[in-house]
Amino acid sequence: RQWEKKVLKSTRPESAGFFTVLVTGAAGFVGTHVSIALKRRGDGVLGLDNFNHYYDVNLKHARRNVLDRAGIFVVEGDINDADLLRRLFDVVHFTHVMHLAAQAGVRYAMQNPKSYVHSNIAGFVNLLEVCKSANPQPAIVWASSSSVYGLNSKVPFSEKDRTDRPASLYAATKKAGEEIAHTYNHIHGLSITGLRFFTVYGPWGRPDMAYFFFTKDILKGKEISVFETADGRSVARDFTYIDDIVKGCLGALDTAKKSTGSGGKKKGPAQLRIYNLGNTSPVPMTKMVSILEKLLKVKAKKKAQPLPKNGDVEFTHANISLAQRELGYKPATGLESGLKKFVRWYVSYYGTTKKKNGSSSAL
Ligand code: NAD
């Protein structure tokens, strides 16, 4: 069948020793970059994405075109569709699953809470159920989030810090994912590595994130709201460039131990790990805006506003020593040079006044 042929072609690794990876959320921001990086080093990659309309779906289709040109096939489907997942696992023996499909964004959770439960909890469980029964069982690496640290007042955040005070439903579903991972590891011997990403940015990024819509609004001459804390300090984020995150994801796939199968205890415990993937240098939003002003050569119309209770936290800052030690993770891109690459992509994709269809294909 046509569909199966495409799946098999896309997942053919260069030779023995390379991985065969199912990337969920492949038409998303991080998924596109990770899929391309895997393919470039010789791994077989199959994408899965439901192309939901949370943000501009044309952007997701444009990313899919980039993947298509790289020889990566993206199946359109939902991680809640058990039949589809089983069919994929019947056709392909995945060595790894890179699970990036999720309902992202903290603020949208106030408008559509059920979409978070659907993708981040029910969908994750569905995927783990299929992985549990697959033969061989794939090692799973998945995206948790720095948001699990919630209303933690102690920075930098390290993996052992408390995560019991989520500030948004998004954070609560990611935290639930971490607990769910524990049970599938404990009972079914699945090897699961969770990665807590810290504010990822870069070319082909997400239009719902501040650096992205600030760029759009600054170019349009629209006012932007820059949030500050009750004592007048700028909110700050540990912005992490996409290429660094991709290296962290590949490092996690490379170090993920093989699953041990049901009753994992007999063959030794399967791996269950959690790592922070951040940049260890938080930047105030005011500074991020001034970098954008410089790169865009446009003065922003800024309005300082108190941080509303919308799911955002005041500060994020990653302690990355565990990922450095165990994954060889070493972020290398500072905010100014990363934003420069983002702005270059943004302008080539949208133009300086936003056009409907972008033409850029560079990654
Ligand atoms: P994204 O929204 O661009 O990508 C997610 C993709 O998953 C989208 O293309 C979406 O269509 C797809 N998807 C959503 N629900 C699905 C479902 N039920 N079935 C199939 N596909 C589905 O987001 P991103 O920024 O690329 O994030 C990737 C992962 O990293 C997500 O799990 C996100 O929560 C996590 N994360 C991202 C950041 C960040 O700053 N970008 C920070 C922390 C965590």
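Before reading on, note that the structure itself is shown above.
Criteria and thresholds
Residues numbered from 1 in each chain as written. Predicted model: local features only at pLDDT ≥ 70, side-chain atom pairs only at ≥ 80, totals over all residues. Buried ≥ 20, exposed ≤ 12 C-beta atoms within 10 Å, placed from the backbone. Helix = DSSP H or I, 4+ residues; strand = E, 2+ residues; numbered from the N terminus. Pairing = 2+ DSSP bridges. Right-handed = clockwise from strand over helix to strand, strands pointing away. Axes fitted to C-alpha atoms, helices over the stretch in contact; angles between N-to-C directions. Parallel < 35°, antiparallel > 145°, perpendicular 65-115°, else oblique. Left-handed = near helix turned anticlockwise from the far one by under 90°. Contact = placed C-beta atoms within 7 Å. Near = placed C-beta within 6 Å. Nonpolar A, V, L, I, M, F, W, Y, C, P; charged D, E, K, R; others polar. Core = buried A, V, L, I, M, F, W, Y, C linked by C-beta atoms within 7 Å.

Quick look at the pairing of strand β4 (residues 96–99) now. Sheet faces and side chains relate simply in a regular strand, where the side chains alternate between the two faces. On β4, burial covers both faces: H96 and M98 on one face and V97 and H99 on the other are all buried. Examined bridge by bridge, strand β1 (residues 20–24) and β4 share 4 bridges and lie parallel to one another. In the strand pairing of β4, V23 is matched with M98. With 4 bridges joining them, β4 and strand β5 (residues 139–145) adopt parallel strand pairing. Paired with H99 across the strands is W142, a residue of β5. Of the crossover connections in this fold, the one passing from β4 over helix α5 (residues 113–133) to the parallel β5 is right-handed.

On to unusual backbone geometry, then. Cis geometry marks the peptide bond from N135 to P136; its omega dihedral reads 5°. Residue V155 is joined to P156 through a cis peptide bond whose omega torsion reads -5°. Among the secondary structure elements, P156 is positioned in the loop between β5 and α6 (169–188). Here the phi dihedral of T199 falls at roughly 25°; this positive angle occurs in a residue that is not glycine. Positionally, T199 belongs in the loop between β6 (192–197) and β7 (200–201). According to the C-beta neighbour criterion, T199 is buried, with 22 such atoms within 10 Å.

In contact at an axis separation of 10 Å, α5 and α6 are set at 15° when each is read in the N-to-C sense. Classified by the interaxial angle, the pair formed by α5 and α6 is roughly parallel. Crossing geometry of α5 relative to α6 is assigned as right-handed. Contact with α5, carried on its side by P113, Y116, V117, N120, I121, F124, V125, L128 and K132, involves L169, Y170, T173, K174, A176, G177, I180, Y184 and H188 of α6 and no other residues of that element.

As a matter of local geometry, the ligand sits amid 28 residues, with G25, G28, F29, A102 and A143 nearest to it. Of all the secondary structure elements, the ones that give two or more residues to the shell around the ligand are α2 (29–40), α5 and β5. For the shell around the ligand, the leading source of residues is α2, giving 3 residues. For the shell around the ligand, the class distribution of residues is 12 nonpolar, 12 polar and 4 charged.

What follows is about the sheet that holds strand β2 (residues 44–49). Strand order in the open sheet made by the 7 strands is β3-β2-β1-β4-β5-β6-β11, with parallel pairing throughout. Because the sheet does not close on itself, it has two edges, and the strands there are β3 (73–76) and β11 (272–277). With strand direction ignored, the average angle separating the axes of adjacent strands in the sheet is 20°. Contacting β2 and β3, helix α1 (residues 2–10) crosses the sheet at an angle of about 130° to β2.

Once that is clear, we can look at the nonpolar core. Of all hydrophobic cores here, the largest spans 96 residues; its most connected members are M98, V141 and C249. For this core, the element with the most residues is helix α8 (residues 242–255), which contributes 7 residues. Every residue in contact with C249, bar those within four places of it in the chain, is listed here: V34, M98, V141 and L195.

Here we take up the environment of P13. Position of P13 among the secondary structure elements: in the loop between α1 and β1. On the basis of neighbour count, P13 is assigned to the partly exposed category, with 18 C-beta atoms found within 10 Å. Counting along the chain gives 236 residues from P13 to C249, while the straight-line C-alpha distance between them is 18 Å. Aside from chain neighbours lying at most four places away, what touches P13 is F18, F19, T20, G42, D43 and G44.

Before going further, it helps to examine the environment of E228. Position of E228 among the secondary structure elements: in strand β8 (residues 223–228). Classification of E228 by C-beta neighbours within 10 Å gives partly exposed; the count is 18. Residues E228 and V200, 28 residues apart in the sequence, show an inter-C-alpha distance of 21 Å. Excluding its chain neighbours within four sequence positions, the residues that come into contact with E228 are R233, S234, V235, A304, P306 and L307.

Geometric values such as these leave the question of function open.
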